[in-house]
Amino acid sequence: MWYAIISEDVADSLEKRLSVRPDHLARLQELKQQGRLLIAGPHPAIDSEDPGSAGFSGSLIVAEFDSLNSAQKWADADPYVAAGVYQKVTVKPFKKVLP
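The rules behind the values
Residues numbered from 1 in each chain as written. Predicted model: local features only at pLDDT ≥ 70, side-chain atom pairs only at ≥ 80, totals over all residues. Heavy atoms only, no water. Helix = DSSP H or I, 4+ residues; strand = E, 2+ residues; numbered from the N terminus. Expected span 1.5 Å × (residues − 1). Bend = angle between axes of the 7 residues up to and from the residue. Buried < 20%, exposed > 50% of the residue type's maximum accessible area, 1.4 Å probe, protein only. Contact = heavy atoms within 4.5 Å. 1 Å grid on protein atoms, 1.4 Å probe; cavity = no way out; pocket = protein on both sides within 12 Å on 5 of 7 lines; lining within 4 Å. Points joined across faces, edges and corners; volume = space filled by probe spheres on them. Nonpolar A, V, L, I, M, F, W, Y, C, P; charged D, E, K, R; others polar.

## Quick notes on helix α1 (residues 14-33)
1) Next: End to end, α1 covers 27 Å across 20 residues, agreeing with the expected 28 Å (1.5 Å per residue, within 8%).
2) Next: Of all the bends in α1, the greatest reaches close to 60° and is centred on V20; the proline P22 follows between one and four positions later.
3) Next: The complete set of buried residues in α1 reads R17, V20, H24, R27, L28 and L31.

## Some thoughts on the environment of R17
1) Next: On the secondary structure map, R17 appears in helix α1.
2) Next: Residues R17 and S59, spaced 42 residues apart in sequence, show a C-alpha to C-alpha distance of 11 Å.
3) Next: Not counting the four nearest positions on each side in its chain, R17 is found in contact with D9, P42, F56, G58, S59, Y80, V85 and Y86.

## Side note on the layout of surface pockets
1) Next: A volume near 270 Å³ is recorded for the largest pocket.
2) Next: For the largest pocket, the lining is made up of 15 residues, of which R17, R21, L25, G41 and P42 are closest to its centre.
3) Next: Within the residue set of the lining of the largest pocket, elements represented by two or more residues are α1, β2 (37-44) and β3 (56-64).
4) Next: Per-element accounting of the lining of the largest pocket gives the leading share, 7 residues, to α1.
5) Next: In terms of residue class, the lining of the largest pocket is made up of 10 nonpolar, 3 polar and 2 charged.

In structure tokens form, the structure reads like this:
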């Protein structure tokens, strides 16, 4: 089943994000290679494709897992969690309808 992992950043998270971004992306690449990643990306803190020093306010990942518990465990092990980038992470089932 698909699960949405919706994360909210702490204030001024950009420096923390950049410090562990390669590790965060490596985990997403692994999901992609396994055919389990539907979509992933950050939410710019301002209305811009490139928010520059404004940074990001959070992230969205939609990926396939065996259960809500396994999706939660995967989310909890994110390098952004360990680095203190996220202040809140919500994991919930997602039903893909379109496209």
